[in-house]
Amino acid sequence: MDILQNIALGLGVALTAINLLWCLIGVFLGTLIGVLPGLGPLAAISMLFPITYHLEPTTAMIMLAGIYYGTAYGGSTASILLNIPGTTSSAVTCLDGYPMSKQGRAGVALAMTAVASFLGGVVGIVVLSVFAPAVASWALSFGSAEYFFVMVLGLVAASTVTDGSVIKGLAMVVLGILLATVGMDPQSGVSRFTFGSLSVLDGFSIAALAMGLFGIAEIIVSVRSGEDRTLSSKDITLRSLIPTRDDLRRSWWPMLRSSSIGSVFGTLPGTGPTVAAFVSYGVEKRLADEPERFGKGAIEGVVAPESANNAADQTAFIPTLTLGVPGSATMALMIGALMVHGIHPGPNLVSEQPTLFWGLVMSFWVGNVLLVILNLPLIGLWVRLLTVPYRILYPAIIIFICVGAYSVRYSSFDVMVVFGFGFLGYVMRLFRMPAAPLLLGFVLGPLIEQHFRRAMVLARGDLTALVERPISAVLLSITILLLIWTFWSHRRQRRHVPQEQALPAGDVDD
Amino acid sequence: MLDRRELTGGLLLAAVGAIVAIYGGTHYAMGSVISMGPGMVPVSMGVLLAVFGLINAVGAYSALSRGHAEPVLPKVKIAVPLVILASVLAFAILIGSLGLLPAVAGSVIVATLAERPIRPLLSLKLAAGVTVMAWLIFVVAMRLTIPLVNWPF
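Caption draft 1: Inspection of the overall build of chain A at higher detail. Within chain A one finds 21 helices and two strands. A buried classification covers 63% of the 510 residues belonging to chain A. A sequence separation of at least 24 residues applies to 80% of the contacts in chain A between residues at least 6 apart. Entry remark: accessible area of chain A is about 18,300 Å², with carbon and sulfur atoms responsible for 67%.

Listed below in structure tokens is the structure:
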């Protein structure tokens, strides 16, 4: 069978000594960078880009990819232990991971995220291998109308994820969309809300925004909060990593479902691990028998986003390699790395460069296995990294954030963006406004605008034509149903539990 | 004062939404739904935000009437946020003018001022340590080409 031949070919490439070495380097660096709040895959990959010039293209891709999905493994560590996401796609993991950690179950959370990430990776790779051609052509049939509705669904799902009021979640999504309008409008060339500044023409740097909104705000809340943020390494023994049978029982289905959701979202350009994590969290919360457990340390709330984001990481390569369409900025860098070596990703890549494609795909297996091996015993190492007393740790984190933000464009303006969003993030905490939907609105806002405009052009101004398309109609119905369901279940909850739950992201009252 | 927090938050959102919508509407072409101009999203989203803000503010009143508001005055920390934000600002200013190493050191020193008791010796040692670490990670390992020190003379 064709696919067996390809697998054999790929393994032959992936298991060579040099590719194994660089895969290991990649996943290790990836995890390390993921663990450290303030540095994300985008910054890391762009910084390590020049190293790849000296490597063979396949080896270069293997290493870069290792960094990419490795960060997803490490990102959850900081989310769980410090309530600061190590990477954007791990932001949702804070919601249940941190409460688990406060309940003394950090070890279990960390172990389960490694397992969940591995499972997500496995599912993602299988989808990638088996469905690459088929999925690509299906995604190709997605028109702007479908993209528009998918993204609106993603945003609505994101705002219903928060424990607080849905209105606040929706308001934050809208605020995020507004923040995304700052800069030059690609379709009309008009500079919106720039007030003459040239640095902001491309919009706010998303890394800087995220680091300010989540990282700096978290630090502000934590310093001198009276809460001892210092972990003791005694808390995390190897035995305490073992989850209970109940944990495992609860996790199976969420992991499988989320991996599937992640695989789908990873494929679609414009959506990726972050959206996948949000949506799968929302789905699991909806499907759980006791949704009130979410936000307070539900294991499902930890494994679902981690499976989803890893699956999405793997399937993100589908449009990147088979269509040449990068699903995200990071994927665009991957394409750049290929083009430096004279290889042009596209529908022909699979047939013309089978050693590259299948070697890369097989290296994902190697990488994910390495990551599980690295992460379970090395949890102690990563945790030790974070057990340094908080008063010593937080200045270092601030520096990582600042240098990280600066390094994307060598721009001190981006550091000012961190400053501004740090302030905003703190104010939002004061008013109990959830930050995560804002990030999502920011990321998807411009795309939604673009797709809506295009859809309108294609439909020649007929709004109803948008909804007549079958996929769009389905998506719209799901969105409306979700909204109705959420409001109704919130109303029901309020009757039983009258107080508004405090957001797990930290209460600012001293 | 929980309800007052909700009320203020809601009103703030409403104000932001209104300002954005008005500014956007007057400065950028709206176009129509069919062919959207640059102003359409800012205005529509601004209006939507204002609506959500108002709903939230109104919700604060019903919480009060339902007796769910807790009359606890939250103490808002001023010093810590100012210092932390100042340390980020310090980095932004110093890196352009004096280079990476002074920026890291300066930012760390400012950041440590947020903690009580202030321990100057610890601050200096930490600044030195983090600066070395930053050099090792960002310059040696990652080969970022940030000027280490810019003497402005």
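Caption draft 2: Just the overall build of chain B, in detail. Counting its secondary structure elements, chain B contains five helices and zero strands. Shown N-terminal to C-terminal, the secondary structure of chain B runs as helices and strands in the order α-α-α-α-α. For chain B, with 153 residues in total, the buried portion stands at 43%. Within chain B, residue pairs in contact and separated by at least 24 positions form 61% of the contacts whose partners lie at least 6 positions apart. Accessible area of chain B: about 7,800 Å², with a carbon and sulfur share of 77%.

Caption draft 3: Quick peek at the interface of chain A and chain B. Counting residues at the interface gives 65 residues for chain A, matched by 63 residues for chain B. Contact between chain A and chain B buries roughly 6,100 Å² in total, counting both sides, with carbon and sulfur atoms accounting for 75%. For Glu6 of chain B, the salt bridge identified is with Lys168 of chain A, shortest N-O distance 3.2 Å. The interface formed by chain A and chain B holds six residue pairs in polar contact (both at pLDDT 80 or more) in total.

Caption draft 4: Fine view of the confidence of the model for chain A. On average, residues of chain A score 78 in pLDDT, and 83% of them reach the 70 mark or higher. Per-residue pLDDT stays below 50 along residues 497-510 of chain A; that stretch engages in 38 contacts with residues further than four places along the chain or on separate chains.

Caption draft 5: Spatial organisation of the packing of aromatic side chains. Residues and elements named next belong to chain A. Tallying each qualifying case throughout the model produces 13 aromatic pairs over all chains. Between the aromatic rings of Tyr406 and Tyr410, the centroid separation amounts to 6.0 Å while the plane-to-plane angle is 80 degrees, which identifies the pairing as edge-to-face. Each residue in the set Tyr68, Tyr69, Phe317 and Phe364 is aromatic and connected to the rest through ring pairs, giving one cluster.

Caption draft 6: Inspection of helix 4 (residues 100-112) of chain B at higher detail. If you check helix 4 of chain B, its first and last C-alpha atoms are 18 Å apart, about what 13 residues at 1.5 Å a residue would give, namely 18 Å. Of all the residues in helix 4 of chain B, the buried ones are Leu100, Ala103, Val104, Gly106, Ser107, Val108, Ala111 and Thr112 of chain B.

Caption draft 7: Up close: the nonpolar core. Core analysis: the biggest nonpolar cluster contains 121 residues, and Ile216, Ile219, Tyr394 and Ile398 of chain A together with Ile84 and Phe91 of chain B have the highest contact counts within it. The element contributing the most residues to this core is helix 17 (residues 390-409) of chain A, with 13 residues. Judged by nonpolar contacts, the second largest core, of 43 residues, contains Ala14, Trp22, Ile67 and Ile318 of chain A.

Caption draft 8: Region of interest: the packing of helix 11 (residues 273-287) of chain A against helix 19 (residues 436-458) of chain A. All names here are of chain A. Where helix 11 contacts helix 19, the axes come no closer than 11 Å and their chain directions differ by 135 degrees. Of the possible angle classes, the one that applies to helix 11 and helix 19 is oblique. Where helix 11 crosses over helix 19, the handedness of that crossing is left-handed. Side by side, helix 11 and helix 19 meet where Thr274, Val275 and Phe278 of the first sit next to Ala436, Leu440 and Leu444 of the second.

Caption draft 9: Region of the structure containing the confidence of the model for chain B. Counting all residues, the mean pLDDT for chain B is 83, and 85% of those residues have values of 70 or more. The complex prediction reports pTM at 0.72, with the ipTM value standing at 0.89.

Caption draft 10: Here's a closer look at unusual backbone geometry. Residues and elements named next belong to chain A. Its identity as a non-glycine residue notwithstanding, Phe193 has a phi of 55 degrees, on the positive side. With respect to the secondary-structure elements, Phe193 resides in the loop between strand 2 (191-192) and helix 9 (206-222). Phe193 sits in the buried class, given a relative accessible area of 12%. Notably, Arg432 is not glycine yet its phi reads approximately 55 degrees, a positive angle. The topology assignment puts Arg432 in the loop between helix 18 (412-430) and helix 19. Residue class for Arg432 comes out buried when judged on its relative accessible area of 11%.

Caption draft 11: Highlighting the packing of helix 4 (residues 57-82) of chain A against helix 12 (residues 300-315) of chain A. Residues and elements named next belong to chain A. Running from N to C, helix 4 and helix 12 point in directions that differ by 170 degrees, and their axes come no closer than 9 Å. The orientation of helix 4 relative to helix 12 falls into the category roughly antiparallel. Contact residues: Tyr68, Tyr69, Ala72, Tyr73 and Ser76 in helix 4; Glu306, Asn309, Asn310, Asp313 and Gln314 in helix 12. Broken down by class, the residue content of the contact of helix 4 with helix 12 amounts to four nonpolar, four polar and two charged.

Caption draft 12: Up close: the pattern of salt bridges. Residues and elements named next belong to chain A. Counted by the stated rule, this structure contains nine salt bridges over all chains. Between Glu284 and Arg257 there is a salt bridge whose closest N-O contact spans 2.8 Å. Separated by 27 residues along the polypeptide, Glu284 in helix 11 and Arg257 in helix 10 (residues 245-267) bring together distant segments of the chain. Owing to a relative accessible area of 2%, Glu284 belongs among the buried residues under this scheme. Assessed through its relative accessible area of 31%, Arg257 is described here as partly exposed. In this structure, Arg293 and Glu290 form a salt bridge, with 3.0 Å as the shortest nitrogen-oxygen distance.

Caption draft 13: A look at the side chain of Thr479 of chain A. Structurally, the position occupied by Thr479 of chain A is in helix 21 (residues 470-496). Aside from chain neighbours lying at most four places away, what touches Thr479 of chain A is Phe149, Val152, Leu153 and Val156 of chain A.

Caption draft 14: Structural detail: helix 3 (residues 79-97) of chain B. All names here are of chain B. In this model helix 3 runs 27 Å from its N-terminal to its C-terminal C-alpha over 19 residues, within 8% of the 27 Å that 1.5 Å per residue would give. Every buried residue belonging to helix 3 is among Val80, Pro81, Val83, Ile84, Leu85, Ser87, Val88, Ala90, Phe91, Ala92 and Ile95, and all of these are buried. Phi turns positive, to about 105 degrees, at Gly99, one or two residues after helix 3.

Caption draft 15: A look at a nonpolar patch on the surface. Residues and elements named next belong to chain B. Residues Val132, Trp135, Leu136 and Val140 make up a contiguous nonpolar surface patch of roughly 340 Å² in combined accessible area. Relative to the helices and strands, Val132 is located in helix 5 (residues 120-141). Accessibility expressed as a relative area gives 47% for Val132, which makes it partly exposed.

About the criteria used
Residues numbered from 1 in each chain as written. Chains lettered and ligands numbered in written order. Predicted model: local features only at pLDDT ≥ 70, side-chain atom pairs only at ≥ 80, totals over all residues. Heavy atoms only, no water. Helix = DSSP H or I, 4+ residues; strand = E, 2+ residues; numbered from the N terminus. Buried < 20%, exposed > 50% of the residue type's maximum accessible area, 1.4 Å probe, protein only. Contact = heavy atoms within 4.5 Å. Areas by Shrake-Rupley, 256 points an atom, 1.4 Å probe, with all protein chains shown as cover. Buried area = accessible area lost by both parts, 1.4 Å probe. Salt bridge = Lys/Arg side-chain N within 4 Å of Asp/Glu carboxyl O. Polar contact = N/O pair within 3.5 Å; in protein donor to acceptor, adjacent residues only side chain to side chain. pLDDT = per-residue confidence, 0-100. Phe/Tyr/Trp six-rings, centres within 6.5 Å; stacked < 30°, edge-to-face > 60°. Expected span 1.5 Å × (residues − 1). Core = buried A, V, L, I, M, F, W, Y, C linked by side-chain atoms within 4.5 Å. Axes fitted to C-alpha atoms, helices over the stretch in contact; angles between N-to-C directions. Parallel < 35°, antiparallel > 145°, perpendicular 65-115°, else oblique. Left-handed = near helix turned anticlockwise from the far one by under 90°. Nonpolar A, V, L, I, M, F, W, Y, C, P; charged D, E, K, R; others polar. Patch = residues over 30% accessible without salt bridge, like charges linked within 9 Å, V, L, I, M, F, W, Y side chains within 5 Å.

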